[in-house]
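The lines below spell out each chain.
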Amino acid sequence: MLATILSELNHRSEAILVSSVLSNDGLALASVASGASSPAIDEDNLGAMSSALMALGHKTAVELVGDRLGQVLVAGKAGSVLMTQAGPEAILTVVCKPEAESGTILGHMQRAANDIEALVSAGGT
């Protein structure tokens, strides 16, 4: 089921290369690449980095902004990585092409995160 949600997310934007659902401690629960041209992503590295960035983002948001974290965006010339919490137990991470419209993709990610949260809390994967 998680793979279905990720596949639907990937189909919403041609700029999405890879989408993954990770546990808060970085364990890959599901990952879907958009096509043969998508880069090979080491799921263990993606999980560890996403987990660490989300933890740092949470701490930063609470201590500096006084609010909870919304999303984390890492942007570079070759592309971007967007992360959002998918309920209390999972992280949704998306790797995008450089031309990705982050706002649009974050909107798609939030809808997918809601579906992921419902599925994970019900004990499904």
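As a starting point, this report considers the structure included with it. (Residues numbered from 1 in each chain as written. Predicted model: local features only at pLDDT ≥ 70, side-chain atom pairs only at ≥ 80, totals over all residues. Heavy atoms only, no water.)

1. Notes on the environment of Ala33
Positionally, Ala33 belongs in strand β2 (residues 28-33). In this structure, the C-alpha to C-alpha distance between Ala33 and Leu6, residues 27 residues apart in sequence, is 8.9 Å. (Helix = DSSP H or I, 4+ residues; strand = E, 2+ residues; numbered from the N terminus.)

2. What to know about the environment of Val81
By secondary structure assignment, the location of Val81 is in strand β4 (residues 79-85). Residues Val81 and Leu17 lie 64 residues apart in sequence; the distance between their C-alpha atoms is 10.0 Å. If near-sequence neighbours (up to four positions away) are discounted, Val81 is found in contact with Val72, Leu73, Val74, Thr93, Val94 and Val95. (Contact = heavy atoms within 4.5 Å.)

3. Re the environment of Glu8
Mapped onto the fold, Glu8 is located in helix α1 (residues 2-11). Residue classification places Glu8 among the partly exposed residues on the basis of a relative accessible area of 44%. Distance from Glu8 to Ala90, taken between C-alpha atoms, is 18 Å for residues 82 residues apart in sequence. (Buried < 20%, exposed > 50% of the residue type's maximum accessible area, 1.4 Å probe, protein only.)

4. Some words on a nonpolar patch on the surface
Nonpolar side chains collect at one region of the surface, where Met49, Leu53 and Val74 lie side by side and expose about 240 Å² of accessible area between them. Relative to the helices and strands, Leu53 resides in helix α2 (residues 43-65). (Patch = residues over 30% accessible without salt bridge, like charges linked within 9 Å, V, L, I, M, F, W, Y side chains within 5 Å. Areas by Shrake-Rupley, 256 points an atom, 1.4 Å probe, with all protein chains shown as cover. Salt bridge = Lys/Arg side-chain N within 4 Å of Asp/Glu carboxyl O.)

5. A few points about the packing of α1 against helix α3 (residues 102-121)
Remark: α1 packs on α3, axes separated minimally by 10 Å, with the N-to-C direction vectors making an angle of 175°. When the axes of α1 and α3 are compared, the pair comes out roughly antiparallel. Of the residues in α3, those touching α1 at Leu2, Ile5, Leu6 and Leu9 are His108, Met109, Ala112, Asp115, Ile116, Leu119 and Val120. The residue makeup of the contact of α1 with α3, split by class, is nine nonpolar, one polar and one charged. (Axes fitted to C-alpha atoms, helices over the stretch in contact; angles between N-to-C directions. Parallel < 35°, antiparallel > 145°, perpendicular 65-115°, else oblique. Nonpolar A, V, L, I, M, F, W, Y, C, P; charged D, E, K, R; others polar.)

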